[in-house]
Amino acid sequence: MLRAPAFLNVETSLTGRRWIGPSAEADRLAEAMVQATRLPLPLCRILVSRNVSPADAEAYLAPSLRDLLPDPLSLRDMAPAAARLIRAATRAERIAVFADYDVDGGASAALLLIWLRAMGRDATLYIPDRIDEGYGPNVAAMASLAATHDLIVCVDCGTLSHEPVAAAKGADVVILDHHLALETLPDALAVVNPNRQDEDGTLAHLCAAGVVFLLLVEANRQLRATGITGPDLMAMLDLVALATVADVAPLVGVNRAFVRQGLKVMARRDRHGLRALADIARMDQAPTTYALGFLLGPRVNAGGRIGQADLGARLLCCDDPALAASLAARLDQLNTDRREIEARVREEALAQCDARGTDGPLVWAAADGWHPGVVGIVAARLKEATHRPAVVIGFEDGIGKGSARSVPGVDLGAAIQRIAAEGLILKGGGHKMAAGLTLTRDQLEPAMARLGELLARQGSGAGGPADLRIDSLLMTSAATIPLLEQIEAAGPFGAAAPAPRFAFANVAVATRRVGESHLKVSLSDGSGPALDGIIFGAFDGPLGPALENVGHRRFHVAGKVELNHWNGRARVQLRVDDAAPS
């Protein structure tokens with residue numbers, strides 16, 4: 001089969017990728033959509049790339065919960081889970097919420113706690129310590145909670161916790177999760193999980209907060225049937241949006257409506273915790289998916305990574321402005337500390353991977369003393385640098401706790417679940433793009449070898465870096481605020497729905513180093529004023545060294561246009577992804 005010509009003839013860019021532009025058929029469909037809908041061409045190109053037909057364009061551009069929210073009862077165990085929550089809330093039972101320590105777990109817990117508070121009930125929040133207890137329910141914690149509570153609701157965890165759930169004697173356990181399940185489920189009152197093996201997978205894209213939100217929708221519906229008006233759920237969509245983006249859930253189906261509507265709720269700045277966090281992160285603009293994923297999310301996560309595990313959840317459900325400001329300041333400092341720890345581990349892990357080689361189906365690194373709170377972030381950095389699934393493991397007293405991150409098309413969670421079932425690791429699980437595992441030092445080499453074999457069967461490592469998809473060619477003078485406004489109509493952008501990537505041909509490039517690893521760029525093609533750009537982490541890869549001192553050479557440059565707010569002004573800038581000599 002003949003390959004399409006490389007876009008702008010870029011066969012091998014500075015990052016080693018081949019540029020691929022839109023096909024002639026995609027161009028034809030975009031032009032036809034312009035004629036049928038009268039929408040701008042750049043917007044139609046995005047819609048065509050999303051396989052949206054002209055007839056569906058209007059609905060796609062205005063995702064609404066009314067149209068996209070699934071029936072909560074389409075998930076198994078939903079009815080008894082909602083009924084049990086209502087019973088506990090209306091009969092003054094003792095309730096505990098057991099949550100994961102990441103953003104999705106914290107937001108899921110906050111949703112429940114806020115709903116219960118509106119119902120006049122308080123609940124115990126329990127988030128395990130990442131180092132001392134590890135991920136998910138454990139026997140000691142569940143037994144202790146069961147001794148003093150009537151209902152334990154596990155959020156963003158619990159699907160694989162057979163023994164800990166069995167230890168919760170005397171209490172009912174409800175699990176609200178989205179991680180991949182085994183054939184057998186824990187003996188809980190209800191396990192609501194779109195990734196149960198007996199589900200059809202149509203809601204597999206939900207994060208845990210999305211599952212919790214559906215539970216609250218069903219709970220409110222059951223309350224309404226008895227003449228009781230439940231708490232306002234629309235006001236909680238900011239938390240669902242934050243969790244959806246931070247957990248890198250695909251922005252498809254109802255997730256698009258969750259994020260689109262949630263950003264509007266967040267812009268009102270009604271939630272004390274998020275307002276305090278936005279202020280300390282110096283967010284001076286309306287919230288975006290970028291802000292959720294890179295400004296707010298990491299700070300909420302920081303407590304669970306290297307500090308006190310429950311700080312993030314407490315901030316998200318805080319109803320005291322002064323306490324919210326204090327919690328936000330603490331999380332901001334922990335995030336700064338986290339970055340320093342991460343930088344050291346990342347440098348050591350990259351050196352290991354370079355020494356071992358990065359041409360196989362899997363890259364991995366392991367060492368004593370690596371903080372378990374940063375191994376997931378470092379695994380993501382390795383994945384980005386090598387375009388391979390990556391595993392990073394920190395050992396303490398002979399036991400290694402690791403995190404793994406995958407690339408599109410490779411189901412890492414299923415592979416790790418497989419090696420756990422084969423007894424090659426102590427435990428492990430997750431979902432397609434991210435997973436965790438625990439193993440002994442003696443298990444390390446055999447487990448990684450077997451994991452590599454399983455990933456190779458899925459095609460991992462079959463080629464070099466993935467092709468870079470270019471949506472359109474643009475002149476620098478066309479990168480304007482009106483263009484951005486047209487593009488944003490197709491948002492929100494994120495996982496499975498990337499923002500369009502534009503190429504700028506044969507531009508003169510001027511650069512200036514910012515901080516230790518970033519590079520500011522200025523691009524000019526003679527069509528108008530120069531276009532400013534930024535390459536974050538430029539010197540963690542090949543772009544920084546290649547572009548820092550370019551002299552009079554010209555380049556093709558590819559990236560995503562965005563608004564940069566600075567000193568009260570909004571300007572278009574390019575977030576550079578790649579470049580190639582022209």
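Presented here is an overview of the structure given in this document. Counting of residues starts from 1 at the beginning of each chain's written sequence and follows it residue by residue. Local features in this predicted model are restricted to residues of pLDDT 70 or higher, and side-chain atom pairs are both shown and tallied only at a pLDDT of 80 or more, whereas totals for entire chains, interfaces and linings draw on every residue. Values shown for side chains rest on all heavy atoms present in the structure; no hydrogens or waters enter the calculation.

1. Description of the pattern of salt bridges
Here comes step 1: A side-chain nitrogen of Lys or Arg and a carboxyl oxygen of Asp or Glu constitute a salt bridge if their distance falls within 4 Å. With the rule as written, the count across this model stands at 31 salt bridges.
Here comes step 2: Between Asp172 and Arg84 there is a salt bridge; the shortest N-O distance is 2.7 Å. Taken together, the residues span a long stretch of sequence, with Asp172 in strand β5 (residues 172–176) and Arg84 in helix α5 (residues 78–90) at a distance of 88 residues.
Here comes step 3: Classification of residues uses two cut-offs on accessible area relative to the type maximum, computed with a 1.4 Å probe and protein chains only: under 20% is buried, over 50% is exposed, and between them is partly exposed. Its relative accessible area of 26% is what places Asp172 among the partly exposed residues.
Here comes step 4: When the shortest N-O distance is used, the salt bridge between Asp270 and Arg268 registers 3.2 Å.
Here comes step 5: Among the residues examined, Arg268 registers a relative accessible area of 47% and is labelled partly exposed. To qualify as a helix, a DSSP run of H or I must reach at least 4 residues; to qualify as a strand, a run of E must reach at least 2; elements of each kind are numbered from the N terminus.

2. A short note on the packing of aromatic side chains
Here comes step 1: Two rings from Phe, Tyr or Trp (for Trp, the six-membered ring) form a pair when their centres sit within 6.5 Å of each other. Planes less than 30 degrees apart are called stacked, planes more than 60 degrees apart edge-to-face, and all others tilted. What the rule picks out here adds up to three aromatic pairs.
Here comes step 2: Aromatic pair Phe98 and Tyr126: ring centres 5.1 Å apart, planes at 25°, arrangement stacked. Here Phe98 is found in strand β2 (residues 95–99), whereas its partner Tyr126 is found in strand β3 (residues 124–126), with 28 residues between them in sequence.
Here comes step 3: Residue Phe98 is classed as buried on the basis of its relative accessible area, which comes to 0%.
Here comes step 4: Classification of Tyr126 by relative accessible area gives partly exposed; the value is 24%.
Here comes step 5: Should the NZ of a Lys or the CZ of an Arg lie within 6 Å of a ring centre and within 35 degrees of the ring normal, that charge is described as sitting over the ring. Over the ring of Tyr60 we find Arg256; its NZ or CZ atom is 3.7 Å from the centre of that ring.
Here comes step 6: Against the face of Trp364 rests Arg356, its NZ or CZ located 3.7 Å from the ring centre.

3. Quick look at the sheet that holds strand β8 (residues 390–396)
Here comes step 1: The strand order across the open sheet built from five strands is β7-β8-β9-β11-β10, with neighbouring strands paired in mixed fashion. Each edge of the open sheet is held by one strand with a lone partner, namely β7 (363–368) and β10 (427–430). Geometrically, the sheet is characterised by an average inter-axis angle of 15° between neighbouring strands, direction not taken into account.
Here comes step 2: Only when DSSP finds a minimum of two bridges between them are two strands counted as paired. Sheet topology note: the β7/β8 ladder contains six bridges and is parallel. In the strand pairing of β8, Ala367 is matched with Gly394.
Here comes step 3: Residue contacts are defined here by distance: any two heavy atoms, one from each residue, within 4.5 Å place the two residues in contact. To obtain an axis, a line is fitted to C-alpha atoms, over the contacting stretch when the element is a helix, and the angle between two such axes runs from 0 to 180 degrees between their N-to-C directions. Each of β7, β8 and β11 (434–440) touches helix α18 (residues 444–457); the most contacted strand, β8, lies at about 165° to it.

4. Notes on the pairing of strand β17 (residues 554–566)
For a regular strand, the rule is simple: side chains alternate between the two faces of the sheet.
Here comes step 1: Of the strand pairs in this sheet, strand β14 (residues 502–514) and β17 are connected by five bridges, and their pairing is antiparallel. Paired with Val507 across the two strands is Phe555, which belongs to β17.
Here comes step 2: As paired strands, β17 and strand β18 (residues 569–581) are joined by twelve bridges and run antiparallel to one another. In the strand pairing of β18, Leu563 is matched with Val572.
Here comes step 3: A loop of two residues connects β17 with β18, the two strands running antiparallel in sequence, and Asn567 in this loop sits at a positive phi of about 55°.

5. Structural notes on the sheet that holds β2
Here comes step 1: Pairing in this open sheet of five strands is parallel, and the strands run β3-β2-β4-β5-β6 from one edge to the other. In this open sheet, the two strands that pair with only one neighbour each are β3 and β6 (190–192). Neighbour-to-neighbour, the strand axes of this sheet turn through a mean angle of 15°, independent of strand direction.
Here comes step 2: The sheet contact formed by β2 and strand β4 (residues 151–155) spans five bridges and is parallel. Of the residues in β4, the one forming a bridge with Ile95 is Leu151.
Here comes step 3: Sitting on the sheet, α5 touches β2, β4, β5 and β6, and the angle it makes with β5 is about 125°.
Here comes step 4: Sheet contacts for helix α6 (residues 103–118): β2, β3, β4 and β5; angle to β2, the most-contacted strand, approximately 165°.

6. Thoughts on the nonpolar core
Here comes step 1: Here the nonpolar core consists of buried residues drawn from Ala, Val, Leu, Ile, Met, Phe, Trp, Tyr and Cys, with membership extended through side-chain atoms lying within 4.5 Å. Judged by nonpolar contacts, the single largest core of 100 residues is most densely connected at Leu112, Trp115, Leu176 and Leu216.
Here comes step 2: Setting aside its immediate chain neighbours within four residues, Trp115 contacts Leu85, Ile86, Ala89, Leu216, Ala219, Asn220, Leu223, Pro231, Leu233 and Met236.

7. Side note on the packing of α6 against helix α9 (residues 208–225)
Here comes step 1: Two elements in contact, α6 and α9, have axes whose closest approach is 8 Å; the angle formed by their N-to-C orientations is 15°. With respect to α9, the element α6 is oriented roughly parallel. Remark: the crossing between α6 and α9 carries right-handed chirality. Residues Asp104, Ser108, Leu111, Leu112 and Trp115 of α6 touch α9, and the partners they reach there are Ala208, Ala209, Val212, Leu215, Leu216, Ala219, Asn220 and Leu223.
Here comes step 2: Its residues placed into classes, the contact of α6 with α9 shows ten nonpolar, two polar and one charged. Roughly parallel refers to an angle under 35 degrees, roughly antiparallel to one over 145, roughly perpendicular to one between 65 and 115, and oblique to any angle outside these ranges. Definitions for this section: a left-handed crossing has its near helix turned counterclockwise from the far helix by less than a right angle. A right-handed crossing has that turn clockwise. Residue polarity is assigned by list, with Asp, Glu, Lys and Arg as charged and Ala, Val, Leu, Ile, Met, Phe, Trp, Tyr, Cys and Pro as nonpolar; anything else, Gly included, falls into the polar class.

8. Looking at the environment of Pro231
Here comes step 1: Structurally, Pro231 is set in the loop between α9 and α10 (237–246).
Here comes step 2: Taking relative accessible area as the criterion, Pro231 reaches 11% and is therefore assigned buried.
Here comes step 3: Dropping the residues within four chain positions of it, Pro231 is found in contact with Trp115, Ala118, Met119, Asn220 and Met236.

9. Things to note about the packing of helix α15 (residues 321–356) against helix α16 (residues 375–386)
Here comes step 1: Where α15 contacts α16, the two axes come as close as 9 Å, and the packing angle between them is 45°. Looking at the two axes, α15 sits oblique to α16. Considering only the axes of α15 and α16, their crossing is right-handed. The segment α15 lies against α16, with Arg338, Glu342, Val345, Arg346, Ala349, Leu350 and Cys353 engaging Ile377, Val378, Arg381, Leu382 and Ala385.
Here comes step 2: A class-by-class count of the residues in the contact of α15 with α16 yields eight nonpolar, no polar and four charged.

10. Some words on unusual backbone geometry
Here comes step 1: In this structure, Pro492 follows Gly491 across a cis peptide bond, with omega equal to 5°.
Here comes step 2: Note that Pro492 resides in the loop between α19 (481–488) and β14.
Here comes step 3: In this structure, Asn51 is a non-glycine residue whose phi angle is positive, near 60°.
Here comes step 4: By secondary structure assignment, the location of Asn51 is in the loop between α2 (41–49) and α3 (57–61).
Here comes step 5: Residues other than glycine seldom take positive phi values, yet Asp397 does so here, at roughly 55°.
Here comes step 6: Along the chain, the position of Asp397 falls in the loop between β8 and β9 (399–405).
Here comes step 7: The exposed category is assigned to Asp397, whose relative accessible area is 75%.

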